[in-house]
Amino acid sequence: MEEYHRHCEEVGFNAEEAHNIVKDCVDGVLGGEDYNHNNINQWTASIVEQSLTHLVKLGKAYKYIVTCAVVQKSAYGFHTASSCFWDTTADGTCTVRWENRTMNCVVNVFAIAIVL
Amino acid sequence: MMMSDIAKNPVAHSRKKRGSVSSLSSHEFQRREIHGRTKDSMSTVSYMDEPSQRDDVSRLTVQMENTYQLGPPKHFPVVTVNHILKDVLTNYLQEEEYEPELCRQMTKTITEVIKAQVKDLVIPRYKFIVIVHIGQLNTQSILIASRCLWDPKSDAFSSYVFRNASLFALANVYAVYLE
């Protein structure tokens with residue numbers, strides 16, 4: 001039986017790297033824009049798709065779940081919480097909070113290891 | 001490989017039951033480092049169900065035996081979980097009004113409750129992620145989107161939105177098969 005050699009020796013999810021990737025994606029899509037109800041669908045779709053593509057390019061054996069919530073800036077409250085049942089040694093998560101003058105954006109990345 | 005066998009089988013891949021609940025509320029949303037703490041915007045709760053058995057060296061070299069299974073013997077029951085989400089959200093939030101402190105606690109409690117109920121379904125080799133969003137219902141606009149990169153034959157998700165007079169709640173459960 002042949003063994004599969006991972007091309008990267010790092011074990012565990014690198015949250016810092018994911019954080020940077022996602023932050024760049026969000027900056028690219030929403031940077032300098034104001035909240036616009038017509039474009040919001042398109043923006044969330046691009047943020048999520050671009051983040052996913054960049055994460056996949058890291059070449060690690062992970063399944064990814066990326067969620068993005070964009071809220072118009074207002075006096076109204078918003079709460080979000082998550083709870084995960086998984087293998088803490090191999091799986092990981094990362095959250096990126098971003099805001100500008102007219103909106104807030106919260107992106108969550110969950111990475112679940114595939115055992116080869 | 002069932003969870004209860006880990007302690008007995010030294011070669012087995014050690015998986016810990018660990019819950020981690022973190023929540024974010026935005027009355028005063030401030031941009032800051034992910035590790036920073038400001039006065040009242042972020043709280044994290046995390047706990048372990050079993051004592052930690054960290055052993056990085058052995059984890060790197062551990063090999064799992066072949067199961068010769070091509071897919072999950074028991075699939076994730078989306079409809080059942082939809083009902084669970086509906087019941088939990090309705091029971092907890094039917095009578096509630098939006099209040100920042102209450103909802104902050106409520107999001108954390110609800111995620112834990114949903115996770116416990118989904119775990120009770122005992123679906124082997126599945127990992128779960130439960131996400132709950134609660135917000136004040138008013139004229140502001142919000143869009144929540146998610147994309148997943150996984151194997152659609154074995155992995156699935158379930159979602160439910162609850163609304164009452166003053167708040168809305170969205171609960172998502174993602175189930176990922178351990179390949």
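Residues numbered from 1 in each chain as written. Chains lettered and ligands numbered in written order. Predicted model: local features only at pLDDT ≥ 70, side-chain atom pairs only at ≥ 80, totals over all residues. Heavy atoms only, no water.

An unreviewed UniProt entry lists chain B under the name Dynein light chain Tctex-type family member 5, with Microcebus murinus as the source organism. Looking at the Sequence similarities (unreviewed entry) heading of the UniProt record, one finds this comment for chain B: "Belongs to the dynein light chain Tctex-type family." (UniProt positions renumbered as here; feature names shortened; annotations may be inferred.)

If you check an unreviewed UniProt entry, chain A appears there as Dynein light chain Tctex-type 3 from Microcebus murinus. Quoted verbatim from the Sequence similarities (unreviewed entry) field of UniProt, the annotation for chain A is "Belongs to the dynein light chain Tctex-type family."

Draft legend 1. Looking closely at helix α2 (residues 40-57) of chain A. The end-to-end C-alpha distance of α2(A), which contains 18 residues, comes to 26 Å, matching closely the 26 Å that a straight helix rising 1.5 Å per residue would cover. Those residues of α2(A) that sit buried are I40(A), W43(A), T44(A), I47(A), V48(A), S51(A), L52(A) and L55(A). All buried residues of α2(A) project into a common sector of 155° when viewed along the axis, lining one side. Projecting away from the buried face of α2(A) at angles above 90 degrees are the exposed residues N41(A), Q42(A) and K57(A). Those residues of α2(A) hidden inside the fold are in contact with α1 (15-30), β1 (62-72) and β4 (103-113) of chain A together with β4 (142-149) of chain B. Positive phi shows up at G59(A), right after α2(A), with a value of about 75°. (Helix = DSSP H or I, 4+ residues; strand = E, 2+ residues; numbered from the N terminus. Expected span 1.5 Å × (residues − 1). Buried < 20%, exposed > 50% of the residue type's maximum accessible area, 1.4 Å probe, protein only. Arc of directions from axis to C-beta. Contact = heavy atoms within 4.5 Å.)

Draft legend 2. Up close: the side chain of N164(B). Residues and elements named next belong to chain B. Position of N164 relative to the elements: it lies in the loop between β5 (156-163) and β6 (167-177). With a relative accessible area of 14%, N164 lands in the buried category. Among the polar contacts listed, one links the side chain of N164 to the backbone oxygen of Q94, at a separation of 3.4 Å. A polar side-chain atom of N164 sits 2.9 Å from the main-chain amide nitrogen of S166. If we skip the residues at most four places from it in the chain, N164 touches L93, Q94, E96 and L137. (Polar contact = N/O pair within 3.5 Å; in protein donor to acceptor, adjacent residues only side chain to side chain.)

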